[in-house]
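# Descriptive analysis of the structure
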Number of protein chains: 4
Amino acid sequence: MKTRVHSDELKQETYKGLEERGITIDAMAEIVYTLQAPYAPELTMETCRDSVHAVLRKREVQHAVLVAVELDKLAEAKALSPVLQRIVETDEGLFGVDETIALGAVNINGSIAVTTFGFLDKAKIGIIKELDTKREDGKVNTFMDDIVCAICANASGRIAHRMRDEEEQKESMVAELDKIRENFKEHIHPYEPLVANPLYEASSCNLSELSLTEEKA
Amino acid sequence: MKTRVHSDELKQETYKGLEERGITIDAMAEIVYTLQAPYAPELTMETCRDSVHAVLRKREVQHAVLVAVELDKLAEAKALSPVLQRIVETDEGLFGVDETIALGAVNINGSIAVTTFGFLDKAKIGIIKELDTKREDGKVNTFMDDIVCAICANASGRIAHRMRDEEEQKESMVAELDKIRENFKEHIHPYEPLVANPLYEASSCNLSELSLTEEKA
Amino acid sequence: MKTRVHSDELKQETYKGLEERGITIDAMAEIVYTLQAPYAPELTMETCRDSVHAVLRKREVQHAVLVAVELDKLAEAKALSPVLQRIVETDEGLFGVDETIALGAVNINGSIAVTTFGFLDKAKIGIIKELDTKREDGKVNTFMDDIVCAICANASGRIAHRMRDEEEQKESMVAELDKIRENFKEHIHPYEPLVANPLYEASSCNLSELSLTEEKA
Amino acid sequence: MKTRVHSDELKQETYKGLEERGITIDAMAEIVYTLQAPYAPELTMETCRDSVHAVLRKREVQHAVLVAVELDKLAEAKALSPVLQRIVETDEGLFGVDETIALGAVNINGSIAVTTFGFLDKAKIGIIKELDTKREDGKVNTFMDDIVCAICANASGRIAHRMRDEEEQKESMVAELDKIRENFKEHIHPYEPLVANPLYEASSCNLSELSLTEEKA
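Residues numbered from 1 in each chain as written. Chains lettered and ligands numbered in written order. Predicted model: local features only at pLDDT ≥ 70, side-chain atom pairs only at ≥ 80, totals over all residues. Heavy atoms only, no water.

### A closer look at unusual backbone geometry
Here is the rule we go by: Runs of H or I in DSSP of at least four residues are treated as helices and runs of E of at least two as strands, each being numbered from the N terminus.
Of note in this structure, Asp91(B) is not a glycine but carries a positive phi near 45°. Looking at the element boundaries, Asp91(B) is found in the loop between helix 5 (82-89) and helix 6 (97-106).

Written out as C-alpha cells, the structure is:
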C-alpha cells in the first residue's frame, strides 16, 4: 500500500517544482514588493520574501503548484492527449482551467487577493511576463504563470492584512502608554523623553519581533 | 503550426472522454431527476437528459472534463510524478484541486449550483457513488467524480431556473387571457369552458413546445 | 401573502437601480469596448451595448445589482448600523463583501471574466473611476463600483466567446463552400469571382444577422 | 472624520450580531462536532468551540456576519426597497446573494470547506434548521442561515487540517523515537516497556498540549 504524502514531502516537492520551472522566491517577492510598496513605505524585500514563504506553506497552494507543474511539464513533453495538448500548448485564450486552479489557491486569502490575482493576470509584470514570453522556445507555462499570479496575490494580500494588524497594535500600545502616563503623571518627570520610557521600549521591541512573523490565528 | 481546437472537436472530445470513463448521459440525468423531481412533479427524464446535454455544450465544462479525464487516466497509468501520483491515486482527503476544477465548471450556474455541487460531493448518489467505489480495481476517479457532481449540479440548477421561467410564462398568458376575456366578455358566452377557448389552447401548445428547449438569453 | 417577484419586475428594478446611481448602459459599453477593441478590430459600440443588456438579463446579475444599490443607498442615508456604516462609508480597504457580491455575479461567465473583473477593479477606468471619486460629495459607491466592474467583465467575456463562435462559423462556411466548389467544379466557371457565388452570399448575410444576437445554448 | 473600525470593535460587533440573532457558539460547535466526529473519535466539543472561535477571528468572516445580520434585520423591519424586501422576506429560491456572501467567507478555507458548506446548506441540521423554520413568526434569516453554514464548514475544515497536522507530528515523533531506540539499543534494556521511556512521555505530553491550539503558519 502506498503511504500518505507527508506535509514535509509536499512542501519540498512544491519548492522543487518552482525551482525546476525557473521560478525563484525573489522573483515573486519582487512582484509583491511592487504591489505593496505604494501603501507601505517601510516595506522590505525581506518581508515580501517571508510572505511568499508563508503562502507556500499552505496546503491548497502546494497542491495547486504540483498540478500546474505537472501539466506544463506533460505539455512540454507532448504527453497530453492530442486535443488537450493543443489547447495547453497554445495557451488557448478561452481555456480557463489554468485560472480556475490558481483561483482555488487564491480564494483562501479572500476576495481582495482574487482581485489582485485578476490584475496580475492581465498586467503581467516581472517573472509573470517572462513566463508568458518563454513560450517561443518550446516551453509551456500555461498553468504556471497563473499559479505565480496566485502566489504573489496571496503574499500581497497577506501583507495588507498584517500591516493593518501591526498599525492597530501600535495604536493600542500608544493608547495604553498614554493611559499609563496619565495615571502616573505625578510620578513621571514632565520633560522625560518618551523613548526613554522603559515600558514603551519593552513594548516596542516586542512589537518589532512579533510583527509579520507569526500568523494571525 | 498547430491549429486551434474547433468547438465541434472540443465537444466531441468531451463526450468521448465521458464515455471512456464509463459515464453515460442517462446516469447523470438520473441524478438530476432525483434532485429536481421533488420540486417539479411533471419533470421527465427527457428534460433531465436535455439539461445535461445543454451543460455539456458550455466551454468551461468541456475544458474541465478534458483536464479531469486526462489526470485520472495519467494516474491510472502511473504516469504522474511520484508525489502527485500518490496524492491522486489515494484520493487524499485534503487534496482540493479536484473540487477546485469542478467548482470552476459549476460557478457558471451561480451560487445555487455551487451549493448543490457541495451536497452531491458529500451525498454521493448514483454514478457518483459508483465512481467513488470503483477505486479498488486500480481505477482512479479522483477528478472525474467531482466533475460529474458539477455537471449534475449545473443541469439541476438550469432546470430550476427554467421552471421558474415557464411558470412566469404561464402566469403571463393566464393574465393576458383574463384581460382578453374581460375586454370581450359581451362576445363570449359566460358558460363557455376555458379549455374550449381557442386562444388559450393555442398559447398552451406554444408553451409546451417552447418549454425548456431554448436558453434564456 | 406577498407575491413572488416576477422576472420582468426584477429586470425593471435592475435598470431603475443603475439609473438612480447614475450608471448608463453607454458608460459600461465604453469600458467593454476599451477592453475588447484590441482583439476585435470590427467591434462596434452597438455590440458592446447589446452585450451589457444580455448580461443584465441574468438573474444572478440582477440580484447582485439590487443588493449593491440598496447597501450604497442605506450608507448614504446613514441608515446602517454604526460599525458597518463606518466600514462601508469609508470603503475600508480590507472589507471584501463588495468584491464578493460582485464575484458571485462574475463567476457565471467563467474564470476569464473573474480575471477581467480583478483587472478592472484595480485599473478603474471610465465610469468606475468616476464612481470611485464621487465619494467626496457624501456619495457612497462601495458596492456599486464592484458591480459595474462585474457587469463590464461579464459583457467583455461574453464578446470574447461570441467572437470565437463567429470565427468558427465563418471557417465552417468557407470549408463547406470549398467542398461544394470542389464537387461542382466542372459546373462552375473557373474565373467566376467568389463573391458572385449566390450560396456564399446567402450564408454571409445569414451570418451577419445571426452574429452576436442569440445566446449559445 | 470617521475613524477606522478597529479589529477589536469588528470582532465584538461580530459576536454581538450572532447573539442578537440567537446563534450561540455552542449551537455551531455542535454542528461541527456532528460533521467531524465520524473521522475523529477523540474529538471534543471544546475543540469544536475553539475552532468556531478561530473562524470568527477572520476578517472575511466578521465582515460577512455584519452584512448578513444587517440585511436580515432590515428585512424584518420592512426597511428594504419593496422588490428586494419581497425577495429577502420570502427567501426566494433563485436568489443567490445570500449564498454568495457566505461563499466569500468559506472560500478562505479551501475547496473542501466549500463542499461542506454546500452540504450543510442542503442538509440543514441543528441551528441551521431552526433558523430556516423560524421564518413563520416574522423572523428573517435569509442571509444568516447561510453564514452559519459557512462558519461551521470553515470550523470543520480547519479541524480536518489540524488532525492531519497532529497525526503527522505523532508519526514524526514515533519515527524519531524508533531512531533513538535503534541508536541506543545496547543501552536500553530489551524488555523495558515503551511507556516508561521518559523521552516518549515528554514528547507525548508536549503533543497533547500543542494539539489544535496554535494555527499552522
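After that view, the rundown keeps rolling.
### With respect to the relation of the copies chain D and chain C
Condition: When the copies are superposed, the least-squares fit takes in the C-alpha atoms of residues with a pLDDT of at least 70 in both. What makes two residues a contact is simply this: any of their non-hydrogen atoms within 4.5 Å.
With an RMSD of 0.1 Å, the operation that places chain D on chain C is a rotation of 180° combined with a shift of 0.0 Å along the axis. The relationship between the two copies is best expressed as a two-fold rotation axis. Judged by C-alpha distance, Ile101(D) is the residue of chain D that lies nearest the rotation axis, at 3.1 Å. Most of the interface of chain D is mirrored in chain C, where 100% of its interface residues again form contacts.

### Examining the relation of the copies chain B and chain A
Of the transformation superimposing chain B on chain A, the axial component is 0.0 Å and the angular component is 180°, with the fit at an RMSD of 0.1 Å. Comparing contact sets, 100% of the residues at the interface of chain B also lie at the interface in chain A, consistent with an isologous, same-surface contact.

### Observations regarding the state of the cysteines
Here a disulfide denotes one covalent bond, and it connects the sulfur atoms of two cysteines. This is how the line gets drawn: By disulfide we mean two sulfur atoms from cysteines, separated by a distance within 2.5 Å.
Under the counting rule described, the total for this entry stands at zero disulfides over all chains. Cysteine Cys149(A) shares no disulfide, and the gap to the nearest cysteine sulfur, in Cys152(A), comes to 7.1 Å.

### Overview of the pattern of salt bridges
Should the charged atoms of two oppositely charged side chains come close, the side chains can pair. To be explicit about the condition: The term salt bridge refers to a side-chain nitrogen of Lys or Arg lying within 4 Å of a carboxyl oxygen of Asp or Glu.
Under the defined criterion, the tally for this structure stands at 47 salt bridges over all chains. Between Arg49(B) and Glu46(B) there is a salt bridge, with the nearest N and O atoms lying 2.8 Å from each other. One end of the pair, Arg49(B), and the other, Glu46(B), are both in helix 3 (residues 45-56), three residues apart, so they sit about a helical turn from each other. A network of salt bridges, in which partner residues are shared, links Arg4(A), Glu167(D) and Glu171(D).

### So, the nonpolar core
Going by this rule: Only buried residues count toward a nonpolar core. Its members are Ala, Val, Leu, Ile, Met, Phe, Trp, Tyr and Cys residues joined through side-chain atoms within 4.5 Å. Relative accessible area decides the class of each residue, using a 1.4 Å probe on protein chains only: under 20% of the type maximum gives buried, over 50% gives exposed, and in between gives partly exposed.
Counting residues in hydrophobic clusters, the biggest one holds 240 residues, and the most contacted among them are Ile151(A), Ile151(B), Ile151(C) and Ile151(D). For Ile151(D), the contacting residues outside a window of four places in its chain are Leu18(D), Met28(D), Val52(D), Val55(D), Leu56(D), Val61(D) and Val65(D).

### Some details on helix 7 (residues 110-123) of chain C
Residue and element names in this part refer to chain C. Here is the rule: Multiplying 1.5 Å by the residue count of a helix minus one yields the expected span of that helix.
Taking 1.5 Å per residue, 14 residues should reach 20 Å; helix 7 reaches 20 Å between its end C-alpha atoms and fits that length. Among all positions in helix 7, only Gly110, Ser111, Ile112, Ala113, Val114, Thr115, Thr116, Phe117, Gly118, Leu120 and Asp121 are buried. Lysine 124 occupies a position one or two residues after helix 7 and carries a positive phi of about 45°.

### A closer look at the interface of chain B and chain A
As a reminder of what qualifies: Buried area: the sum, over both parts, of the accessible surface (1.4 Å probe) that disappears when the two are put together. Polar contact is defined as a pair of N or O atoms within 3.5 Å, subject to the rule that within protein one atom must be able to donate a hydrogen and the other to accept it, and that residues adjacent in sequence are counted only when both atoms are side-chain atoms.
Contacts between the two partners involve 32 residues from chain B and, on the opposite side, 32 residues from chain A. Overall, the association of chain B and chain A removes approximately 3000 Å² of surface from exposure, summing both partners, and the carbon and sulfur fraction of that is 67%. Across the chain B-chain A interface, the total number found is two salt bridges. In this structure, Glu9(B) engages Arg86(A) in a salt bridge whose closest nitrogen and oxygen atoms are separated by 2.8 Å. Where chain B packs against chain A, one counts six residue pairs in polar contact (both at pLDDT 80 or more). Of all elements in the fold, only helix 1 (7-20), helix 4 (59-76), helix 5 and helix 6 of chain B reach the threshold of two or more residues within the side of chain B that touches chain A.

### Comments concerning the interface of chain D and chain C
Convention followed: For this classification, the nonpolar set comprises Ala, Val, Leu, Ile, Met, Phe, Trp, Tyr, Cys and Pro, the charged set comprises Asp, Glu, Lys and Arg, and every other residue, Gly included, is treated as polar.
Taken together, the contacts link 32 residues of chain D with 32 residues of chain C. Interface area for chain D against chain C, summed over the two sides, is near 3000 Å², with a carbon-plus-sulfur share of 67%. Our count for the chain D to chain C interface comes out at two salt bridges. Those elements that provide at least two residues to the side of chain D that touches chain C are helix 1 (7-20), helix 4 (59-76), helix 5 (82-89) and helix 6 (97-106) of chain D. Among the elements that line the side of chain D that touches chain C, the one with the most residues is helix 4 of chain D, at nine residues. Class assignment for the residues of the side of chain D that touches chain C results in 16 nonpolar, six polar and 10 charged.

### Observations regarding the packing of aromatic side chains
Residues and elements named next belong to chain A. For clarity, the cut-off: Pairing of aromatic rings covers Phe, Tyr and Trp, the last counted by its six-membered ring, and requires centre-to-centre distances within 6.5 Å; plane angles under 30 degrees mean stacked, over 60 mean edge-to-face, and any other angle means tilted.
Evaluated as defined, the whole model comprises six aromatic pairs over all chains. Consider the rings of phenylalanine 95 and phenylalanine 143, whose centres lie 5.9 Å apart with planes at 85°: the pair is edge-to-face. Residue phenylalanine 95 is located in the loop between helix 5 (82-89) and helix 6 (97-106), and its partner phenylalanine 143 is located in the loop between helix 8 (127-133) and helix 9 (144-183); the two are separated by 48 residues in the primary sequence.

### Notes on the side chain of His161(C)
Inspection of the secondary structure assignment puts His161(C) in helix 9 (residues 144-183). In contact with His161(C), other than residues within four places in its own chain, are Leu94(A), Arg59(B) and Glu60(B).

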